[in-house]
Amino acid sequence: MASVHESLYFNPMMTNGVVHVNVFGIKDWVTPYKISVLALLYEMTASKITLPERRRLNQLILPLQQGPDLTLGQFLQTVEECCPQTAYAVKLRLHEMADGELKDMEYFFSTLPTPFTAFDSEAYKTSVVGLFMRHMLLAYNKLSFSQVYKLYKSLQHYYHSHYAKPTDGQEGLPALVADDSDMDLTSAEDTVGDRTGKEEMDTPLHVSELRNDNALSRGPLSQKQAEYFLARQAYLLKNDENKALKPAALQEELNNMLKFNPDFAEAHYLNYLNSMRVQDIFLSAHSLLHYFDRLILSGNEGKSNGDEGYGRSLRYAALNLASLHCRFGHYHQADLALQEAIRIAQESNDHVCLQHCLSWLYTLQQMKGSDSTVLTEDSVKMAAHFCLPYLASLGIQSLVQQGATLGKTAHKLMDALKDTDILHWKHSLSELIEISLAQTTSIWRMYGKSTMALQQAQLLLNMSSLEPVNFGVQQNNTEAFTVALCHLAELHAEQGLYFAVSEILQHLKEQFPPHSQHAKLWMLCDLKIQFERHMNEGKYHLAEPLVTAISALNKTEGLFRKAQVLKALNRSTEAYSILKRLQVHCEKTKCTEMVIRGMLATAGLHWESSGFSTALPLLLQALASARQHHLQSLASETILHLAFTQLMLGVPEKALNVLHEAIEPVLAHGAVMEKGRALLLTARCQMAVAGFRPNRKGQADWCLLSPCRFSSGSFGC
Amino acid sequence: MKMAALCSEFGDLVQIKKHLISVTSLCKERGLLHSAKWGSELAFALDPLPKDELPPSAPFTEDDAQDLDALSLAKSYFDLKEYDRAAYFLKGCCSQKAYFLYMYSRYLSGEKKKDDETVDSLGPLEKGQVRNEALRELRVELSKKHNAGELDGFTLYLYGVVLRKLDLLKEAVEVFVDAIHSLPLHWGAWLELSNLVTNIEMLKSLSLPDCWIKDFFMAHMYTELQMIKEALQKYQNLIEAGFSKSTYIISQIAVAYHNIRDIDQALALFNELRDQDPYRIDNMDTFSNLLYVKSMKPELSYLAHNLVEIDKYRVETCCVIGNYYSLRSQHEKAALYFQRALKLNPRCLGAWTLMGHEYMEMKNTSAAIQAYRHAIEVNKRDYRAWYGLGQTYEILKMPFYCLYYYRKAHQLRPNDSRMLVALGESYEKLSQQVEAKKCYWRAYSVGDVEKMALLKLAKLHEQLNESDDAAQCYMLYIQDIFSCGEQLEHAEVSTALRYLGQYYFKNKLYDEASLCAARCCDYNDAREEGKALLRQISQVRDQIETPSADLFAPLSNNNTPVRRVSPLNLISFTP
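Residues numbered from 1 in each chain as written. Chains lettered and ligands numbered in written order. Predicted model: local features only at pLDDT ≥ 70, side-chain atom pairs only at ≥ 80, totals over all residues. Heavy atoms only, no water.

Once that is clear, we can look at the overall build of chain A. The helix and strand inventory of chain A stands at 33 helices and two strands. When each of the 717 residues of chain A is scored for burial, the buried share is 51%. Put simply, of all contacts in chain A between residues at least 6 apart along the chain, 63% involve residues at least 24 apart. Total accessible area on chain A stands at roughly 33700 Å², and carbon and sulfur atoms take up 59% of it. (Helix = DSSP H or I, 4+ residues; strand = E, 2+ residues; numbered from the N terminus. Buried < 20%, exposed > 50% of the residue type's maximum accessible area, 1.4 Å probe, protein only. Contact = heavy atoms within 4.5 Å. Areas by Shrake-Rupley, 256 points an atom, 1.4 Å probe, with all protein chains shown as cover.)

This is the structure in structure tokens:
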């Protein structure tokens, strides 16, 4: 009411009152950058250029035509790298137009070779270049009087802003030098032209991206720039969160983008991803739904998929909502959303979507802690049937994980992983390759084969990234890498190489700052290592505060550690009750490793009360279950416990027999601490067998001599 | 300022009238047409002043005299929308009035150019960049003056508008508050402020001058924030204070009644309004909404034709015609007219939502979603659009998905039963009976508009075999329906009676059962069952030769089963 101007408001995006969301479908608008490209094309057809230079220029055309708008500096630099002479000519031509009058620009457009007449040139109407020129000419001819003037103004601005900021050129200079040397090396052989082109194009794009970051806050992006920005940030969020913009900064950019282009639906999706990063459920749900509301509109307009596209996005909308709730741990909500997605997908016979639903279904089951093997198997079968390699091998990996915890034989698991690996390489599913390697590392570690685990971890860490965007960059910050690095740290800690451990952890901290989504993995790993160290050094007061932190990250682990500390502090009753609770909990969740650890710790408690004979059945049970699950390190540890019990029960011969079984694997794979204990125990057994009955004094000496306080209490790992 | 000192006490109508007359002339001189209109409308509602009581015109300073010629020239250019020309001739003038007009012309010129520019931009790259180029300069100049404290009430208002356009909302609020303090009578500044206030806490935290106009502002704000009761109270006070003839207040009250769906009251007020001001177009879209809800075809048709005669290119007219076609089930035409309304003003919220409804009728869900999304973009607090989105997804059979939208709508209108019933239905579809029960019960507690919540609740209880609760709900439902006196429309009464009959029969309360069965016979669809039940009852009675005494007790409310546990005891929270 008070704002008079509101009646003047008119929205050009509307025809018949309906706002056309997809105005961006029309991508061919004449911009100053496009004029520069036209000038380049013109120069290329007009002037004589040597063959290698022409070849390089030809390689440049497609990326220039289809890439985002570059600034003049970047553009000229790119061209200069290929052919300085042409770059100069282009610059001259632009100068003519920008410093001349409007008629110079009009003249330029009129002199462009018309694709319909030039039969022999590259600009023939059906060629890529010809098509581009036709589009441009058509777009130019459509401009109204004031639009032409505006175009000219912006061309002038484009040209002069390049010279107004000489810093731009200087910034680009080092890159230029580096590229030149690159060029010299590779340009000799034109057979690797493909690769050269790629690298050539990559560098300016990175530069432009860097500059984008500064320029973003200044003004809106063009369609292409925005798309590129979104794609890159989304990629980084997935693969290398550290390099992506900080959540707040990204949010700001997105808000900015949406302010100028409220119809840019993809920005909402990135907004959703970004809010997930900071665990903001409200904003992420809001953005997700907004995105799909928008998508439904644009899906409807797409001619090729028609009605199908519209229904499709609905299904995926529900599916995405399910995944959102799943990630925030709202399993019930996720279940409802998933059921909805499944129902709609079934109604419209969309098998691919159903397949996605199925894989989410088993994931959800797993997260809820129930058995989902059957579902997963079904999912794998169906995925293979519908030729969805990604889902199929994801399912297999999940099956392998379940199989490993359920004690499937090693060769079956490894076979399955090997088969999926073939699939991955065939379809170059780099993400899954990484996961597969990390998984192998974990399985080897679980089996207690530290050397194999080490080897697999190194393999993953030394592997170059296979993603096209980060091609050739060695480090890729995915979850798989975090897992591998954590294993590496723990393996080093086992060998007492704490300096190396701290270096690895430092690296992890840098790569995955605490707010990022995989940070919890290394945090837990760090805490565990510290805890072990303090326990081994007998500094229980230092270990105790760590327990709280551990339980915050992992409840089960925290419970176990608490029992350990209590046991070390001789508060046996409390420790015993905690271990009982742990036992019950772990049996329910089928966490065999923890069950065995709990048993060993309980056996240790029995020792303290000299109940060696009561510890025996417990240890045997632990041994059986460790062997059944192929947990070698735990099995050998159990054997050590068993031997010690036997020694204490006065049957050192038997103990020695048992020990022989365990000593080899311990020496081969065990931690330093374990090796020491095993050897010590062997020595004691041998002494006992040899008839050397240490009197009380002798035993006391033993205790003093032993590297750690070799009492029954500290025996448990 | 002098003005601020004057307007201290509320109730002195003569004084208020004087204020209004003087501020209206000030606004007119500065081209602030809407504020002038508001002021004169209100002044018209008050008794005319005797000649000697008329307020003196604003003091004429030396500066004013100097700028007089330039100002009158520029004002005439300004009135003809030649803003640049007006600004050119005002450059260098030093009086406050000239300065305001100078800045205001520059601002409007920028706005006009921006709008023209958007038509022929150079593609999407430019599209987002189109903005009022004058804003930045204006801001720089005005902020300099602002810091120096040289701005008067009108220029402060303009400064606020510039800040708001630049999305500097926090600063804008401060400046508007300043503007109001320095010139409390300028309604435009209050209105701009009202657009920036998002919640009641923010409203309370503002320090506003204590002036009679504040009551108008508060009433307006309460309406905006959906606090209808408070708003109605405020307006009632204003009417009692002597503004009973004001069309503005009448229309505002009518809109408020419309918002709380008190349709009859609102209709009466609108009819009164049309008697007093037959050529009024403002708010007529709301009126047509009411007529639409009541399905009053002839009245709506009359209104539409009347408005077309007055001015057919007004947003409100288009909305009325859209409603008219919608009522006649010509949804394509209706959509067309809503589109036309949006062409006239794309920020017209109601039209977006109504268009969404039309597309829903036409089963064009994606277009409906688009329209609703636009409505939300214009105003995030538009509960009807959220509700509409929810409905769309419900039609697409996505009950879980639509929960989010219904929840949003419910958040905005916590006491509206329709959202609660919709939420309950979605929960029911998802087999979340507990939540569904809560929703239905709450819907009943806040005053169910459609009278469906209880029935649904009863059916839910029936499904869950909670027969006592179900019977209780049916009983309440029947009481509810009969108290309204419109049992014809609700065929479900027979369902309730049938269930109650069976229920009493099972519980061996044969008198009540036979009463219900007899009532069942009044309805066609339940007649047979009613008769069958009566027969069963008489059979059972024959078998039991000695009926106990208490069975003859007359049916009264005491005999209805006592509700043992309400699903969610929210009665105490009902407003």
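All right, on to the nonpolar core then. In terms of nonpolar packing, the biggest core is built from 223 residues, with Leu193, Phe216 and Tyr393 of chain B touching the most fellow members. Not counting chain neighbours up to four residues away, the residues in contact with phenylalanine 216 of chain B comprise Trp38, Leu42, Trp187, Leu238, Phe243, Tyr248 and Ile249 of chain B. By size, the runner-up hydrophobic cluster in this structure holds 55 residues, among which are Leu413, Met446, Val595 and Ala643 of chain A. (Core = buried A, V, L, I, M, F, W, Y, C linked by side-chain atoms within 4.5 Å.)

Turning our eyes to something else, we now look at the domain arrangement of chain A. Its domain assignment divides chain A into domain 1 (32-162), domain 2 (223-458) and domain 3 (538-709). If you average the C-alpha positions of domain 1 of chain A and of domain 3 of chain A, the two centres end up 77 Å apart. (Domains from an automatic or database assignment.)

Residues and elements named next belong to chain B. Phi at arginine 261 takes a positive value of approximately 60 degrees, unusual for a residue other than glycine. Mapping arginine 261 onto the fold places it in the loop between helix H15 (247-259) and helix H16 (263-276). Using a relative accessible area of 30% as the deciding quantity, one classes arginine 261 as partly exposed.

Looking at chain B as a whole, its pLDDT mean stands at 82, while 89% of the residues score no less than 70. Of the regions scoring below 50 in pLDDT, residues 549-575 of chain B engages in 41 contacts with residues more than four places distant in sequence or in other chains. (pLDDT = per-residue confidence, 0-100.)

Before going further, it helps to spend a moment on helix H24 (residues 399-412) of chain B. Helical geometry note: an α-helix holds 3.6 residues per turn, so side chains three or four residues apart project in the same direction. All names here are of chain B. In a regular helix each residue adds 1.5 Å, so 14 residues correspond to 20 Å; H24 covers 20 Å between its end C-alpha atoms and thus fits that length. The buried fraction of H24 amounts to ten of the 14 residues, a majority that puts the element mostly inside the structure. Taken residue by residue, H24 has Pro399, Phe400, Tyr401, Cys402, Leu403, Tyr404, Tyr405, Tyr406, Ala409 and Leu412 as its buried positions. (Expected span 1.5 Å × (residues − 1).)

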